[in-house]
Amino acid sequence: MKTIRLLRHCVLPAACVWPAAGFGQTLDSGDTAWLLTSTALVLFMTLPGLALFYAGLVRTKNVLSVLMQCFTICCAITLLWLVFGYSLAFGESAVAGLVGGFSKAMFAGVGVDTVSGSVPETVFAMFQLTFAIITPALVVGGFAERMRFSAMLLFSIVWVTVVYLPVTHWVWNAEGWLFVMGFRDFAGGAVVHVNAGVAALVAALVLRNRHGFPSTPMAPHNLTITVAGASMLWVGWFGFNAGSALTAGGAAGMAMLVTQISAAAASLAWMSMEWIRFGKPSVLGIVTGMVAGLGTITPASGFVGPAGALVIGLAAGVLCFLATQFIKRKLQIDDSLDVFPVHGVGGFTGLILTAVFSATAGGLGLPEGQTMLGQLGVQLIGAVATVVWCAVATFAILKIVNLVVPLRVSAEDENQGLDITLHDERGYNL
Amino acid sequence: MKLITAVIKPFRLDDVRNALAEVGVQGMTVTEVKGFGRQRGHTELYRGAEYVVDFLPKVKIEVALSDELVERAIEAIIESAKTGKVGDGKIFVTSLEQVYRIRTGETGDQAI
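In this report, the structure presented in the accompanying data block is examined. (Residues numbered from 1 in each chain as written. Chains lettered and ligands numbered in written order. Predicted model: local features only at pLDDT ≥ 70, side-chain atom pairs only at ≥ 80, totals over all residues.)

## A word on the overall build of chain B
Okay, so step 1: For chain B, the count of helices and strands is two helices and six strands.
Okay, so step 2: Of the regular secondary structure in chain B, the N- to C-terminal order runs β-α-β-β-β-β-α-β.
Okay, so step 3: Against the globule reference of 13 Å for 112 residues, chain B gives a C-alpha radius of gyration of 17 Å, more extended than a compact globule.
Okay, so step 4: Dimensions of chain B along its principal axes, counting C-alpha atoms only, are 60 × 30 × 20 Å.
Okay, so step 5: Counting across all 112 residues of chain B, residues that qualify as buried make up 19%.
Okay, so step 6: Of all intrachain contacts in chain B linking residues separated by at least 6 positions in sequence, the fraction that spans at least 24 positions is 73%. (Helix = DSSP H or I, 4+ residues; strand = E, 2+ residues; numbered from the N terminus. Rg over C-alpha atoms; globule rule 2.2 N^0.38 Å. Buried ≥ 20, exposed ≤ 12 C-beta atoms within 10 Å, placed from the backbone. Contact = placed C-beta atoms within 7 Å.)

What follows is the structure, encoded as structure tokens:
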């Protein structure tokens with residue numbers, strides 16, 4: 001049953017492998033080895049890739065708070081995944097394509113020899129876990145330098161449960177309503193980037209701006225570690241996109257290639273925009289462009305060709321640059337680390353462009369009987385549904401968490417810095 | 001005895017140090033500071049967020065001198081620290097009441 005549903009969405013079955021578990025096919029050691037590697041690469045993206053990227057962007061007095069947030073999220077979400085996370089995302093649908101049930105809670109039924117597709121289910125579950133970890137970690141950028149640690153922890157756990165798990169179920173579970181509709185999100189444009197971007201924006205609006213923003217200088221305290229982190233993100237992203245092929249072969253190869261092209265194109269596009277607009281290219285600009293390019297190609301990476309990736313990358317660099325200026329300078333919303341304009345706008349754009357470039361510029365094609373316009377409609381529905389659910393739920397969760405523990409630290413603590421006030425530690429004792 | 005405090009541009013430190021050594025000054029204390037006088041700050045740009053940074057990095061040199069050396073030392077500092085552009089710095093001369101060498105207990109001009 002599931003096999004037939006799968007093939008309906010693919011022109012070339014080999015090139016389109018969806019992460020629906022429980023096929024009971026034969027184990028392939030090549031696929032398994034690659035997915036094991038990809039899992040490590042994607043975890044590396046969070047620890048220390050994203051952690052360092054963010055850490056360098058905040059002020060010295062808050063460097064540890066960001067590292068602590070990323071690290072703690074990794075640990076907490078891991079346990080959440082074990083207890084019910086994997087089940088609600090990838091278990092049998094409990095509520096008609098909206099969310100899974102508890103059939104796989106505590107990894108029930110997942111043993112050493114259980115197979116999912118052509119890999120052990122443990123490996124598939126681990127791979128997906130790394131996505132569930134990086135998504136809330138990305139949201140950190142929206143409330144950096146002012147959120148209470150306890151509130152952040154509670155928020156992250158509830159948010160993953162209420163937002164991330166259902167959306168994952170919609171998009172990547174064979175019974176999910178978006179999957180069934182033919183929604184294409186290869187590696188997490190909606191599940192990871194739109195979700196994280198929208199949540200960060202909502203959080204930035206609910207928590208409100210940092211004291212002194214935007215008049216007080218809040219320059220990144222250490223761009224060297226930001227660039228180091230960004231570099232780790234680039235390399236790790238091969239696990240993110242090429243790993244999402246779930247196979248070691250042509251699909252993974254093409255995904256890796258288009259990922260690289262998009263990253264490079266977007267980097268140069270952002271750098272050029274900056275050069276034209278502000279007179280000088282900056283290193284922060286080029287790495288941000290890179291992230292935009294990677295985020296935007298993410299949903300498209302299994303469906304487009306190199307030429308399409310080039311256009312996607314250039315579009316990402318330009319659009320995300322303009323979006324960042326708009327949010328920061330025009331609207332003056334303190335999405336501290338620009339999560340919404342880079343990941344939110346990027347992911348959304350990538351989802352739309354997936355429809356366009358699946359069918360053109362060397363794309364891998366659309367499902368049998370589907371037109372570009374038709375696919376565009378499906379992409380739009382999925383993207384908008386994600387935005388709406390995420391925005392509404394994030395807002396509600398923040399408001400509820402605030403009743404239990406105040407979201408924001410006091411003005412005095414914020415001024416002193418979170419490292420000292422929340423953790424009794426100093427990042428640098430030089 | 002006098003205490004000379006000079007605030008100069010950081011990249012001039014080596015020149016000043018050498019110039020002072022030439023006029024016979026034995027030692028000094030150097031601190032990294034921030035400051036501004038008439039020199040305006042510069043603008044930094046991070047993802048479109050523009051900041052005017054008022055405080056500029058400077059170096060503060062403190063030298064204890066016997067009265068005879070003061071004039072030559074000041075000349076040496078001014079000549080070696082000057083660039084001719086705004087922000088070159090200032091020299092403050094204050095009276096030094098007493099000086100002690102910790103190792104030997106010497107005081108006054110013997111301790112400088």
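## Description of the nonpolar core
Okay, so step 1: Counting residues in each nonpolar core, the largest one holds 142 residues, and the members touching the most others are Leu50, Tyr54, Val66, Ala199 and Leu233 of chain A.
Okay, so step 2: By residue number, the principal contributor to this core is helix H4 (residues 121–143) of chain A, which donates 15 residues.
Okay, so step 3: Excluding residues within four positions of it along the chain, Tyr54 of chain A makes contact with Val66, Val140, Gly141, Ala144 and Leu337 of chain A.
Okay, so step 4: Counting 15 residues, the second-largest nonpolar core is a separate cluster that includes Val16, Leu20, Ile61 and Ile77 of chain B. (Core = buried A, V, L, I, M, F, W, Y, C linked by C-beta atoms within 7 Å.)

## Details of the sheet that holds strand E1 (residues 2–8) of chain B
All names here are of chain B.
Okay, so step 1: Pairing is antiparallel in the open sheet, where four strands are placed in the order E2-E5-E1-E6. Taken across any chain shown, the strands that pair with only one partner, and hence form the sheet edges, are strand E2 (29–35) and strand E6 (89–95). Direction aside, neighbouring strands of the sheet carry axes that sit 20° apart on average.
Okay, so step 2: Pairing between E1 and E6: seven bridges, direction antiparallel. (Pairing = 2+ DSSP bridges. Axes fitted to C-alpha atoms, helices over the stretch in contact; angles between N-to-C directions.)

## A closer look at the packing of helix H12 (residues 339–359) of chain A against helix H13 (residues 372–404) of chain A
All names here are of chain A.
Okay, so step 1: H13 packs onto H12 with a crossing angle of 165° between their chain directions and a minimal axis gap of 9 Å. Viewed along their axes, H12 and H13 adopt a mutual orientation that is roughly antiparallel. For the element pair H12 and H13, the recorded crossing hand is right-handed. On the side of H12, the interface is formed by Phe348, Leu351, Ile352, Thr354, Ala355, Val356, Ser358 and Ala359, while H13 contributes Met372, Gln375, Leu376, Gln379, Leu380, Gly382 and Ala383. (Parallel < 35°, antiparallel > 145°, perpendicular 65-115°, else oblique. Left-handed = near helix turned anticlockwise from the far one by under 90°.)

## What about the interface of chain A and chain B?
Okay, so step 1: Across the boundary between the two partners, chain A contributes 14 residues, which contact eight residues of chain B.
Okay, so step 2: Of all the secondary structure elements, the ones that give two or more residues to the side of chain A that touches chain B are helix H10 (283–297) and helix H11 (306–330) of chain A.
Okay, so step 3: No other element matches the four residues that H11 of chain A contributes to the side of chain A that touches chain B.
Okay, so step 4: Per-class residue counts for the side of chain A that touches chain B are six nonpolar, five polar and three charged. (Nonpolar A, V, L, I, M, F, W, Y, C, P; charged D, E, K, R; others polar.)

## Regarding the environment of Met271 of chain A
Residues and elements named next belong to chain A.
Okay, so step 1: Secondary-structure assignment places Met271 in helix H9 (residues 250–278).
Okay, so step 2: It is 17 Å that separates the C-alpha atoms of Met271 and Gly295, two residues lying 24 residues apart in sequence.
Okay, so step 3: Excluding residues that lie within four positions of it along the chain, Met271 makes contacts with Pro281, Gly285, Ile286 and Gly289.

## Digging into unusual backbone geometry
All names here are of chain A.
Okay, so step 1: A cis amide bond links Leu47 with the next residue in sequence, Pro48, at an omega value of 5°.
Okay, so step 2: Within the element layout of this structure, Pro48 appears in helix H2 (residues 29–57).
Okay, so step 3: In this structure, Pro214 follows Phe213 across a cis peptide bond, with omega equal to 0°.
Okay, so step 4: Secondary-structure assignment places Pro214 in the loop between helix H7 (189–207) and helix H8 (223–241).
Okay, so step 5: Although it is not a glycine, Glu145 adopts a positive phi angle of roughly 75°.
Okay, so step 6: Considering the arrangement of structural elements, one finds Glu145 in the loop between H4 and helix H5 (149–172).
Okay, so step 7: One non-glycine residue, Asp424, adopts positive backbone phi at about 55°.

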